[in-house]
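# Chains, contacts and geometry: an overview
As a plain string of letters, each chain reads:
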Amino acid sequence: MKSKKKKRQDDFQKVKLKVGKTKPKADNATNTNFRTKGIHLTEQLKRDTSGPTTHRQLGINDLLSQLHHYNANVKNSALLGLRELLSLSPSLLEQHLSRLLSEVAAVFTDKDGNVRVAATRVLRFIAQSVPAERVAPFFPLLSAHLSCAMSHIETGIQEDAMKVLDVLLEHYPALLAARPAVLLTDFLELISHRQISGGAKKKNQDVKGRTWALSVNPSRAVTSQQWRLSVLLRLGRFLQAVVEESDISVPTEGVFGSSEEGRLTPLSLNWEELAYSKVGVKVYEHSGSKPTPRSTFRLRPEVDTGPAVGEGLDSAEAVQSFAATLVPLLLEVWVEASTSDCPSNTTEGAHLLSPDAMSVMFQVLSILQLLRKLAPQQEHQDALDAWFYKEYLGDFKQHFMKNFPYDSLDTPKHKKKVDLKRSKQTAAVPGLTVEPLALNITLCQVMVSLSQRQGLGRETDGDWLSPLRTFVRDTLGSGVKLSYRQLHMLLGTVWKMVLTQRSKTVTEDLLAAVYVYYKHRHLTLHTRSLLLSFYSKLYLQEQGHTHIARSKVLCRWLASLPVQLSQLGHRNPALSARLILSIQAAASRGHKDLLNSLQTHACRLYDPQEGAVVLLPAESQQRMVQLLYFLPKMSQPLLANLSCCCTAGRFSAGLAASLIRIVHFRSSLSSWSVGSQEAALQDVDYISFLFSTLTGFSSDKLAALQEDETAGPPSPLSPLSLYPTLLEQFTHHWDVVEEVCHCLETLGSKSQCFDIIQNGICKYLTKFAVVPDSMAAGLLRAVSRLLDLSVLPIEPVLRFLSQCCLSLLALLITLQQELPAETNHKREAIWGACVSSLSTVPRLLRMVLQLMRVGDLSEEELPQLGQILSMLLQHTPLHNQLLANAALLQEIIQHLTRYSRGPTREQWLTDLLYCYSVTVAHGSSARRGNMGLRDMY
């Protein structure tokens, strides 16, 4: 023992220090005999000038790298800095969009709630600034991070994932709805869980084989009911995006909508943009049509990029499978909400729902309604409705129809201290407020969609459809103010009931309620158009539905349409267009009540001053002109209005020609009829209509022109005072004259037509001294086209036509001197009418030459007469007629030469003498054989 103790002491011997001696240095003593110098890294201390920075002098690369930091405060400040930097420099979004989306999406599942909230705000800022086509290449990554957040085990991350989903649904619904399979499963897992398929569970499993059950998580910040309501609200919005963006919705209730759904819209492609993937185009083999036997073209099959890509809702079986999983869960959600809302099983007051229960039921019904719209085709939707009817009609009647209609529960409001936690829970569920009316209307639409056609073994549908029918009738007839969507849903319900019930009593009852709402004043344009479209499309269903064809309400509505159109007029062109479409649909089917009403109000509708036909846009004018074909009778006042409409220039010349042709076809003189349709007007009225249209002016207006000072006084060179019409009006009347002449030529006997025209001229026009230039040219054109040599013009008509011709020739010279370019078309028309009449009508040229009294002309009018004669002499087709009147022509030229003597011969006289000499020399050889022409002309 002593040896061991001594040995331990030897190992740890104490150093003895002596006074006055230097203390020995320790073995680990540090040598401090050195000098230090500072090292300055100048490049490291410089600011980052490569791009914009935040107020903390941090660039985008620094901020993105800080998102990987372990500290939540650093990541939160980095997200705040990103939002600040992107606000100051939006161009960074285009440069760093890929990194921004990937880094921000990665923190959707961060442990810290503040970081997740900041990430959502940054995502919202990016979504407000970047369009969907720019985000599309990176959206699969966003969708994957969103799916991870929705399926996360932490409840806080799940709740914040709903906010991220709100941002994507608001800005990128099409991208989000492109791959619905994964997200739909995530929605199910948010409110439920798969049941264990063990032996004990199998025994307790219900008959329908449900494999999902509602889940409860006590650790959530909100109640289970509020959480499910929040999830169902997002699920409804997501399904709505799938329905709208995938173009697979074929809603039966929208068949009468005022939108232009179902029409093919052409797509304009820019191949440069297509090459750079700026435009996405789907190409389908054979475009949906059957391929030709010789076609060998086949598209390359799509590559399966994942297990969930082919598991969308693009088939009826997939929709039905998803509905079989979701519908039982929805029923459980409603049963739980209704039980907690009314714990006592008393029937009294069971129809009164609290706001929370009403919101839950509304979301459940909305999702059921969207499930029906997911069917790819109409026949698939019918099959899906039949499956719903078979599987869930009993459940729906038990849980939904038992206490229908529902109302809100009035709870007394007590003044109490605000519970901050409770207010946060309420704010976490958006869209809580639901009106009882909206809930009941949605329930009506869901339940009526399950009704089947009568005669298929569905005779028991009446017991649960009766309260729905009563509610719809009372709602429409009670004067309750409905929104456009609510009215659209109610009309869809009425449409389904009318077509499925096939009962005249039910049809009259429902249509009467709709008509009561239709007669309300101060309805908006969209609402009125929707009602018009409903009635019009329902009327088109009358074939094969006798209960619709015999509806008195429908007949009353159709008979009121012409009255409404005449009262509305041009004050609302869009609504007037809808009215005209409805009238045209019924008129084409020969509806007697509508045609009688249309004939009664036709004079007001086709008034040339205030009628709808001249005040509405061109498309509506064309439809109103087409309606004339279906009129049973055309009265004389109506024909007078139509004639004024054609000549007033209030619509195009082409439309005026169409109107004249329609009146022509409805006359007995056209020898053209369809079926048993009788002539709408008498022959006398038809001829009077054509003559009035040919003149272009009414008798009252012609009488008023006699006192108009616009037209100059008559002169020897212009026996009639021509009233100048504008070029546009002249051109319009000229086109109308051509159509009138065409109709008169097709009547059969040209001699009778000419005799009628010349009698009209003699009776109504020869007494006027002031005549519009358009009417004078039109009369000459009509006479030259309708003349038959078997009927010679009578003397008064011939004198009036010669005065018109000479006055027009004088006007032609004036137009050439004043406005040669602007009046080119007018001059050509006038010259053509004069030449054709002079070369066709017997003795007309002779009477025109007789009117050329040189002695009565002034000095300024002599050159004009010389130019007129030169133009006639230069026109080859008139040579024979001029040679037949050579003596009279020679006398006029001699007088011109005598009265125009001067020191020098003027140029116009030289030209006239040259033209005369050439014409006489050319015709001297043929003068002997034209003795008959001399007697005629």
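The rules behind these values
Residues numbered from 1 in each chain as written. Predicted model: local features only at pLDDT ≥ 70, side-chain atom pairs only at ≥ 80, totals over all residues. Heavy atoms only, no water. Helix = DSSP H or I, 4+ residues; strand = E, 2+ residues; numbered from the N terminus. Buried < 20%, exposed > 50% of the residue type's maximum accessible area, 1.4 Å probe, protein only. Contact = heavy atoms within 4.5 Å. Areas by Shrake-Rupley, 256 points an atom, 1.4 Å probe, with all protein chains shown as cover. Axes fitted to C-alpha atoms, helices over the stretch in contact; angles between N-to-C directions. Parallel < 35°, antiparallel > 145°, perpendicular 65-115°, else oblique. Left-handed = near helix turned anticlockwise from the far one by under 90°. Nonpolar A, V, L, I, M, F, W, Y, C, P; charged D, E, K, R; others polar. Expected span 1.5 Å × (residues − 1). Salt bridge = Lys/Arg side-chain N within 4 Å of Asp/Glu carboxyl O. pLDDT = per-residue confidence, 0-100. Phe/Tyr/Trp six-rings, centres within 6.5 Å; stacked < 30°, edge-to-face > 60°. Lys NZ or Arg CZ within 6 Å of the ring centre and 35° of its normal.

On to the overall build of the protein chain, then. For the protein chain, the helix and strand inventory stands at 46 helices and six strands. When each of the 937 residues of the protein chain is scored for burial, the buried share is 45%. In the protein chain, the share of contacts with a sequence separation of at least 24, taken over all contacts with a separation of at least 6, comes to 75%. Total accessible area on the protein chain stands at roughly 50,400 Å², and carbon and sulfur atoms take up 52% of it.

Residue placement: Gln-363 occurs in helix α17 (residues 355-373). Leave out the neighbours within four places in its chain, and Gln-363 touches Leu-229, Leu-232 and Leu-233.

A cis amide bond, omega -5°, links Phe-404 with the succeeding residue Pro-405. Of note, Pro-405 is situated in the loop between α18 (378-399) and β4 (407-408). Positive phi, normally seen in glycine, also occurs at His-522, with a value near 60°. Structurally, His-522 can be placed in the loop between α23 (504-518) and α24 (525-539).

Once that is clear, we can look at the packing of helix α9 (residues 139-150) against helix α12 (residues 180-191). One way to put it is that α9 packs onto α12 with a least axis distance of 9 Å and a crossing angle of 15°. Judged by the inter-axis angle, α9 sits roughly parallel to α12. Handedness of the α9/α12 crossing: left-handed. For the pair α9 and α12, contact is made by Leu-146, Ser-147 and Met-150 and by Val-182, Leu-183, Asp-186, Phe-187 and Leu-190, respectively. For the contact of α9 with α12, the residue count by class is six nonpolar, one polar and one charged.

Moving on, we get to helix α33 (residues 653-665). Under the 1.5 Å per step criterion, the end-to-end length of α33 is 18 Å for 13 residues, consistent within 8% with the ideal 18 Å. Of the positions making up α33, those classed as buried are Ala-653, Leu-655, Ala-656, Ala-657, Leu-659, Ile-660, Ile-662, Val-663 and His-664. Considering only its buried residues, α33 is in contact with α31 (618-627), α32 (636-648), α34 (683-695) and α36 (727-745).

Let us now look at the packing of α24 against helix α26 (residues 552-568). Running from N to C, α24 and α26 point in directions that differ by 120°, and their axes come no closer than 11 Å. Between α24 and α26, the angle is such that the two are oblique. Both α24 and α26 take part in a crossing whose hand is left-handed. Between α24, through Leu-532, Tyr-535, Ser-536 and Tyr-539, and α26, the contact on the second element is made entirely by Val-553, Leu-554, Trp-557, Leu-558 and Leu-561. Here the contact of α24 with α26 is composed, by residue class, of eight nonpolar, one polar and no charged.

Attention shifts here to the pattern of salt bridges. For the structure on display, the rule yields 18 salt bridges. Close ionic contact of Lys-163 with Asp-160 constitutes a salt bridge, the shortest N to O distance being 3.8 Å. Here Lys-163 and its partner Asp-160 are both found in helix α10 (residues 155-171), three residues apart, which amounts to about one turn of the helix. According to the relative accessible area criterion, Lys-163 is partly exposed, its value standing at 42%. Glu-336 is the partner of Arg-228 in a salt bridge, and the nearest nitrogen-oxygen pair spans 2.5 Å. Of this pair, Arg-228 sits in helix α14 (residues 224-245) while Glu-336 sits in helix α16 (residues 316-341); the two residues are 108 residues apart in sequence, bridging distant segments of the chain. Look at Arg-228 and you get buried, because its relative accessible area is 2%. Residue class for Glu-336 comes out partly exposed when judged on its relative accessible area of 34%. Connected through shared salt-bridge partners, Glu-738, Glu-745, Arg-781 and Arg-785 make up one network.

Turning our eyes to something else, we now look at the environment of Ser-582. By secondary structure assignment, the location of Ser-582 is in helix α27 (residues 573-588). Its relative accessible area of 5% is what places Ser-582 among the buried residues. Residues Ser-582 and Tyr-539 lie 43 residues apart in sequence; the distance between their C-alpha atoms is 9.2 Å.

The next thing to look at is the confidence of the model for the protein chain. With 81% of its residues at a pLDDT of 70 or more, the protein chain has an overall mean of 81. Below pLDDT 50 for its whole length, residues 199-207 participates in five contacts with residues either more than four positions away or in separate chains. The low-confidence segment residues 928-937 (pLDDT under 50) makes 16 contacts with residues lying over four places distant or belonging to another chain.

Here we take up the packing of aromatic side chains. Tallied over the full model, the rule gives 17 aromatic pairs. Ring centres of Trp-387 and Phe-388 lie 5.2 Å apart, and the angle between their planes is 65°; on these two criteria the pair is classed as edge-to-face. Each member of the pair Trp-387 and Phe-388 is classed as buried. For the ring pair Phe-691 and Tyr-764, a centre distance of 6.4 Å and an interplane angle of 45° mean the geometry is tilted. Placement of Phe-691 in helix α34 and of Tyr-764 in helix α37 (residues 750-764) is noted, with a sequence separation of 73 residues between them. The class for Tyr-764 is partly exposed, based on a relative accessible area of 44%. Members of the aromatic cluster, each reached through a chain of ring pairs, are Trp-495, Tyr-515, Tyr-518, Phe-534, Tyr-535 and Trp-557. When the ring centre of Tyr-518 is taken as origin, the NZ or CZ atom of Arg-528, which lies over that ring, is 5.2 Å away. A cation over a ring is seen here: Arg-589 above Tyr-539, with NZ or CZ 5.8 Å from the ring centre.

Moving on, we come to the environment of Phe-388. Relative to the elements of secondary structure, Phe-388 occurs in helix α18. Here Phe-388 falls in the buried class, since its relative accessible area comes to 2%. Sequence separation between Phe-388 and Ala-324 is 64 residues; the distance between their C-alpha atoms is 9.3 Å. Excluding anything up to four places from it in sequence, Phe-388 contacts Ala-323, Val-327, Leu-371, Arg-372, Leu-393, Phe-396 and Leu-450.

Let us look at the environment of Pro-719. Along the chain, Pro-719 turns up in the loop between α35 (699-705) and β5 (721-723). Residue classification places Pro-719 among the partly exposed residues on the basis of a relative accessible area of 23%. As for Pro-719 and Leu-806, which are separated by 87 residues in sequence, their C-alpha atoms are 7.4 Å apart. Residue contacts for Pro-719: discarding those within four places in its chain leaves Pro-714, Gln-803, Leu-806, Ser-807 and Leu-851.

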